[in-house]
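Fold and contact review
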Amino acid sequence: MEVIRLDEVSLWRRTQEEFSYDLKKTLLSFLEGKYRQPAKKLVLNKIDLVVERGEKIGIIGANGSGKSTLLKIISGILKQSSGAVRVRGQIAPLIELGAGFDAEISVMDNILLYGVLLGFSRSEMRERTQSILEFAELQDYALVPVKGLSSGMVARLGFAIATDTQPDILILDEVLSVGDESFKNKCKQRIDKFWDHNATVLVVSHDLSFVKQSCIRGVWLDQGKIRFMGNAHETVNCYLNSLNSI
Ligand SMILES: Nc1ncnc2c1ncn2[C@@H]1O[C@H](COP(=O)(O)OP(=O)(O)OP(=O)(O)O)[C@@H](O)[C@H]1O
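In what follows, the accompanying structure is described. From a predicted model like this one, the values you see are computed outputs, not experimental measurements. (Residues numbered from 1 in each chain as written. Predicted model: local features only at pLDDT ≥ 70, side-chain atom pairs only at ≥ 80, totals over all residues.)

1. Some points on the overall build of the protein
Helices and strands together make up the secondary structure of the protein, namely 10 helices and 8 strands. The buried share of the protein, reckoned over its 246 residues, is 33%. Counting contacts in the protein only where the partners sit at least 6 residues apart, residues at least 24 apart contribute 72% of the total. (Helix = DSSP H or I, 4+ residues; strand = E, 2+ residues; numbered from the N terminus. Buried ≥ 20, exposed ≤ 12 C-beta atoms within 10 Å, placed from the backbone. Contact = placed C-beta atoms within 7 Å.)

Here it is, written out as structure tokens:
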């Protein structure tokens, strides 16, 4: 059964330089007749992707190739400029490293907040809090504001929350690159559990051996385009070969 379908999905984003334009400069250049349209970049370029229920897909590629953006489009955080996106089933929240949490409030309150956003009642979430803290190994940090955690700890918290709720579709961004070895193993086991439950898993990772080991299919993104798609081994090898030939 098809759970995700992207047809010719493209996304344009304004380039970062534009953010440094201040209003006065823009107005002045406009008055002088020199106004330029803000530069835009094609971040995703006609992506076609069909994901079947239960697939485990690893998304790889260079920095800036569009991997996280693709996950955001699938999760509905970003809207494509053109093309169609269809997703069937409950999708886990995509919690980016560092973002997504309120840094000023405690770990516990962030867990409750996320739960409520996901539609769980407060009492239900209170029950879940313990298992989330335990999995993330952050029991001693329950009352610490998130800004007091290391980036690896934030990633662990994100992973623990996203995977505690048994979603149909699990989407993970880079979490495995940040966790230490023992946490990585725990993550792998949990991901395997999702596999057993026939959940669909999409992972962005720079950890190519993880992609080879734990994913069935691989997608290699290159400058916003799918450069190669196939079984995970083939995809990783193809990507590595291209790096070696530079
Ligand atoms: N908030 C933003 N506004 C404008 N452009 C952005 C924004 N975030 C990312 N981009 C641009 O979109 C492109 C793709 O970024 P994306 O984060 O999806 O890449 P990535 O493959 O996940 O990279 P990495 O491996 O470094 O995490 C890059 O050119 C980046 O500069």
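From this point, the discussion proceeds with the structure in view.
2. So, helix 3 (residues 67–75)
Every buried residue of helix 3 is listed here: K67, T69, L70, L71, I73 and I74. One or two steps after helix 3, the chain reaches G76, where phi turns positive at roughly 85 degrees.

3. Quick word on the pairing of strand 6 (residues 200–204)
With 5 of 5 residues buried, strand 6 lies mostly within the body of the structure. Alternating positions in strand 6 separate into two faces, T200, L202 and V204 on one and V201 and V203 on the other, with burial throughout. As paired strands, strand 3 (residues 56–60) and strand 6 are joined by 4 bridges and run parallel to one another. Residue pairing for strand 6: I57 is matched across the bridge by L202. Pairing of strand 5 (residues 169–173) with strand 6 involves 5 bridges; the strand directions are parallel. When the sheet's bridge partners are listed, L170 is paired in strand 6 with V201. (Pairing = 2+ DSSP bridges.)

4. What about the packing of helix 5 (residues 122–136) against helix 6 (residues 151–164)?
Two elements in contact, helix 5 and helix 6, have axes separated by 8 Å at closest approach and are oriented at 135 degrees. By the angle class used here, helix 5 and helix 6 are oblique. Judged by the sense of rotation from one axis to the other, the crossing of helix 5 with helix 6 is right-handed. Two secondary-structure elements touch here, helix 5 through R128, S131, I132, F135 and A136 and helix 6 through R156, L157, A160, I161 and D164. Classifying every residue of the contact of helix 5 with helix 6 by side-chain character gives 6 nonpolar, 1 polar and 3 charged. (Axes fitted to C-alpha atoms, helices over the stretch in contact; angles between N-to-C directions. Parallel < 35°, antiparallel > 145°, perpendicular 65-115°, else oblique. Left-handed = near helix turned anticlockwise from the far one by under 90°. Nonpolar A, V, L, I, M, F, W, Y, C, P; charged D, E, K, R; others polar.)

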